[in-house]
Every structure is written in structure tokens, then in C-alpha cells.
Amino acid sequence: MIIDSHAHYSHKLYEGEFNCLAIENGSYSLEKNDLEGLFDRMRESRIVLSIEPATSLEKIKDQLALKEKHGDCVRLAMGLHPKRCVAVPFRARKLLLEYAENTDIIAIGETGLDYSMPRLKQNRLRQRRWFIYQIKLAGKLRLPLILHVRDAEEDALRILRRYRKHLCGGVAHCFHGDTKTANAFIDLGFSLGIGGKLLQKGSDADVLAESVRSVPLSALIVETDAPYVLPDVSEMECSGRQRKKMRNSSLILPMIIERIASLRGITAEEAEQAIYDNTLRTFRIEL
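Residues numbered from 1 in each chain as written. Predicted model: local features only at pLDDT ≥ 70, side-chain atom pairs only at ≥ 80, totals over all residues. Heavy atoms only, no water.

Draft legend 1. Broad picture of the environment of Glu223. Counting through the fold element by element, Glu223 comes out in the loop between strand E10 (220-222) and helix H10 (240-245). For the pair formed by Glu223 and His6, sequence separation is 217 residues and the distance between their alpha carbons is 5.0 Å. Every residue in contact with Glu223, bar those within four places of it in the chain, is listed here: Asp4, Ser5, His6, His173, Cys174, Gly193, Ile194, Gly195, Gly196, Leu253 and Ile256. Here the side chain of Glu223 touches Cys174 through a polar contact of 3.0 Å, landing on its backbone nitrogen. (Helix = DSSP H or I, 4+ residues; strand = E, 2+ residues; numbered from the N terminus. Contact = heavy atoms within 4.5 Å. Polar contact = N/O pair within 3.5 Å; in protein donor to acceptor, adjacent residues only side chain to side chain.)

Structure representation (C-alpha cells):
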């Protein structure tokens, strides 16, 4: 069985019908679907659960609606994305606390630091303030964290070490760093969320592949970040328009698991079972 540890199916891109990325006979394919049909296909593919993190306070209502309709295959996390928090007054933390305390959630996030924007738009002070608050909130509620760290690993790790007593594990989402960085997160109790980056081409994918090969198998879980972080689909037979409108989906997870198995010299079945167990442990899920 498989769990998608990070997807955004409450996103407006999954309203109505859409073309989503899937796998057919070991190759990528496009499937026209709606969200109900996609969840049915996920069940058929033994993908039993998707974890839905929040990115903004406004999106939480969409998350709650998704959970109400598809609660058998969705679990929620709540937090404020580092790119979104720069526009949110810190007093809004009371609203996040209220949601977190009164909703059935399994994690706080996604939260962290993102320095990929131009320096003037980063507002690093506000990002750090919100990050520290959410670390403490996770500690208060005894919940794992879903980390979003981009181009800010040094600062993020420094903060996590400083507030280590508040940590209850979690995942470094969309991890694509080197082995040294991977081990730094693992030493703090975090799993590594491995997604479409591993199925891309280029130096970043090569660095990630080495990390996946080198770290303990017990540290690996899988994700899609749907509708984002597509694998390399350059060889797919589809039009440019179809490619532009393509949504990622949890249906590609078996391909990610096969790649992990290949890098580690184990069978796909062994990798799938280990990753499933890792995900249950990371988020303290009972199925």
C-alpha cells in the first residue's frame, strides 16, 4: 500500500474535469478525470491515503470541505506556507491556533523558510517569526511538522536545532538536497519527502539520487506535491497545450517507489512496504 505524504487536492486546479498524470504499462499517460474519479483510481492503484497540508489560512476552509467529502482517503495538516506568511499579520496566529486545536489534524504545516523569491519580497524576519511559532505550536500539540525549506537550509536547520525540544518529528517536504543536508534533517528526527524531483533529469536529480541511495531506508517517504513537481515528461506523446494543463497526481507514486528501489538495490515490493511503514510512523497514523 502507498500513502501520498504531500498533495493539494483542495486546489482549484482539481475543480471539474482535468487531465492528470498517470502511469500505463510502465509509462506516463494522461487521464481525463474529476476528483471523485481520481480518488477511485488511487484506490484501485492501492494508494490508500493522501495528506493535505495547508498553505494559507484562507485555504483551510477548502481543506475542510475536501475532508468532509473524501474523508476516507484524506488526512489534514494545518500551517502557514513561508511564501504566504509574509503577507499575514502575526496576530493571525490566534486563528491558526483555533483551527489547529479544533480540527482533526495529523501535522502542522507546511511551514518553514523560502528564500527563492527576490530578497525584498522574502521578508525573512516575518518568515522566521512564523516558522518559530509553528514549531512551538507543533510541540504544544505534540504533532509532527511538514517542512517547506527552499534555498534556506542553513537558516532552517539552525532554527530547528535551537528549538529542538519542541520537535515531534515530521518530514522535510520535497527534499532534493545532498547527503549532508539529508542527514542533518534525519538527525533532528525528520523523514525525507521524495517526489517528482527524483524522476527529473539534471544535476539536481543526480544529487537527490545519491542522497536516496545513501541515507537509511527508514528515513524515506514519498509524495507528489500535486498539482506541482512533475517528473520529466518530455518524451510523452501529447500536445503542448495538454502538457501545459497537465496536473500531477498520486498515480505516479509507484514510479517514484520503483526508482528508489532501483537506487537501493531492493525490490519495488520491499521499498513500498518500508516507505508505507515509514509514513505511518512519521505521522502516527493508524489504518
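Draft legend 2. Layout of the packing of helix H7 (residues 153-162) against helix H8 (residues 179-187). It is the contact of H7 with H8, at a shortest axis distance of 11 Å, that shows an interaxial angle of 20 degrees. Taken together, the axes of H7 and H8 are roughly parallel relative to one another. Of the two possible hands of crossing, H7 and H8 adopt the one that is left-handed. Touching Glu153, Leu157, Leu160 and Arg161 of H7 are Thr181, Ala184 and Phe185, all from H8. Taken together, the residues that form the contact of H7 with H8 break down as 4 nonpolar, 1 polar and 2 charged. (Axes fitted to C-alpha atoms, helices over the stretch in contact; angles between N-to-C directions. Parallel < 35°, antiparallel > 145°, perpendicular 65-115°, else oblique. Left-handed = near helix turned anticlockwise from the far one by under 90°. Nonpolar A, V, L, I, M, F, W, Y, C, P; charged D, E, K, R; others polar.)

Draft legend 3. Examining the sheet that holds strand E8 (residues 170-172) more closely. Spatial strand order, E1-E4-E5-E6-E7-E8-E9-E10: 8 strands in an open sheet with parallel pairing. Two strands in the sheet have a free side with no partner beyond their single neighbour: strand E1 (2-4) and E10. Across the sheet, the mean angle separating the axes of adjacent strands is 30 degrees when strand polarity is ignored. Here E1 runs beside strand E4 (residues 47-52); their pairing, made up of 3 bridges, is parallel. (Pairing = 2+ DSSP bridges.)

Draft legend 4. Just the packing of aromatic side chains, in detail. Here the structure, examined in full by the defined rule, presents 8 aromatic pairs. Ring geometry for Phe175 versus Phe185: centroids 6.3 Å apart, planes at 80 degrees, classification edge-to-face. Here Phe175 is found in the loop between E8 and H8, whereas its partner Phe185 is found in helix H8, with 10 residues between them in sequence. Looking at Phe175, the relative accessible area reads 5%, which means it is buried. The exposure class assigned to Phe185 is buried, which follows from its relative accessible area of 2%. Put simply, the rings of Tyr9, Tyr14, Phe18 and Phe39 touch in pairs and so form one group of aromatic residues. Directly above the ring of Tyr115 sits Arg124, whose terminal nitrogen or CZ lies 3.7 Å from the centroid. (Phe/Tyr/Trp six-rings, centres within 6.5 Å; stacked < 30°, edge-to-face > 60°. Buried < 20%, exposed > 50% of the residue type's maximum accessible area, 1.4 Å probe, protein only. Lys NZ or Arg CZ within 6 Å of the ring centre and 35° of its normal.)

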